[in-house]
Amino acid sequence: DAKTTQPNSMESNEEEPVHLPCNHSTISGTDYIHWYRQLPSQGPEYVIHGLTSNVNNRMASLAIAEDRKSSTLILHRATLRDAAVYYCILFDNAGNMLTFGGGTRLMVKP
Amino acid sequence: NAGVMQNPRHLVRRRGQEARLRCSPMKGHSHVYWYRQLPEEGLKFMVYLQKENIIDESGMPKERFSAEFPKEGPSILRIQQVVRGDSAAYFCASSPRQGQGNQPQHFGDGTRLSIL
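Because the structure is predicted, anything quoted here is derived from the model rather than measured.

Colleague: Quick rundown of the overall build of chain A? Include the residues and the values.
Modeller: If you tally the helices and strands in chain A, you get zero helices and nine strands. Secondary structure elements of chain A occur, N-terminal to C-terminal, as β-β-β-β-β-β-β-β-β. Against the globule reference of 13 Å for 110 residues, chain A gives a C-alpha radius of gyration of 13 Å, in line with a compact fold. In terms of overall dimensions, chain A has a C-alpha envelope of 40 × 30 × 20 Å along the principal axes. When each of the 110 residues of chain A is scored for burial, the buried share is 45%.

Encoded structure:
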């Protein structure tokens, strides 16, 4: 079964970049890598996703290793509003969610 | 804001009662997913529906739980004869097209179900 591994928590200073890692060594060739984040008492919010190439959007960047066994979510300048639990999730080609682990709790210090 | 709407936000039931959770997908979305989240844990997939069809219910308990997504109206997740272990946050997500890994899912803010 597909599985993702993330650190339980990370700390960052405000205005500094944050690199959130995720290992997914059992990923299949057609599985997509998605990142969502969740604030307390809210539903998960989509951040970014990719398949093989690195991706950028207004929220973040996603760096995918060449062998696709790991990826890194990059927040270029952390703000206090970025404090949340970040989940790295694999979806298969049919849109089925394969994994939803414990995520990384990001704490941002002013 | 035409996001995914779930109601009620909080629901309290006594053991043995029925719980009905509603989800209205984003405008234009015809695919709905239900997930359950226990405190301090990730989401667990329950069921995937299109209008009037259950596509995948592999994550849903075989007894007491049912889901529907009628032609008109919201998707309903129904839990009959609730037990304490059903206490959790239930999230609904929607997507615009037939299940594709390339499509992000849009989540509602969930229903927090508490069983007394």
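Colleague: Describe in detail the interface of chain A and chain B, supporting the description with residues and values.
Modeller: Contact with chain A, which involves 21 residues of that partner, is made by 21 residues of chain B. Looking only at chain A, the three residues that lose the most surface to chain B are Pro-44, Met-97 and Phe-100 of chain A, adding up to 26% of its buried area. Between the two partners, chain A and chain B, sit six residue pairs in polar contact (both at pLDDT 80 or more). Elements supplying a minimum of two residues to the side of chain A that touches chain B: strand E3 (32-38), strand E4 (45-50) and strand E8 (84-91) of chain A.

Colleague: Outline the state of the cysteines, listing residues and values.
Modeller: Residues and elements named next belong to chain B. In the structure shown here, the tally under the stated rule is two disulfides over all chains. The side chain of Cys-23 participates in a disulfide bridge whose partner is Cys-92; the two sulfur atoms lie 1.8 Å from each other. Because the sign of the S-S torsion sets the handedness, a value of about -50° for the bond joining Cys-23 and Cys-92 places this disulfide among the left-handed ones. Here Cys-23, found in strand E3 (residues 19-24), pairs with Cys-92, found in strand E9 (residues 88-95); they are 69 residues apart in sequence, far enough to count as distant. Of the two residues, Cys-23 and Cys-92, both sit in the buried class.

The rules behind the values
- Residues numbered from 1 in each chain as written.
- Chains lettered and ligands numbered in written order.
- Predicted model: local features only at pLDDT ≥ 70, side-chain atom pairs only at ≥ 80, totals over all residues.
- Heavy atoms only, no water.
- Helix = DSSP H or I, 4+ residues; strand = E, 2+ residues; numbered from the N terminus.
- Rg over C-alpha atoms; globule rule 2.2 N^0.38 Å.
- Buried < 20%, exposed > 50% of the residue type's maximum accessible area, 1.4 Å probe, protein only.
- Contact = heavy atoms within 4.5 Å.
- Buried area = accessible area lost by both parts, 1.4 Å probe.
- Polar contact = N/O pair within 3.5 Å; in protein donor to acceptor, adjacent residues only side chain to side chain.
- Disulfide = S-S within 2.5 Å.

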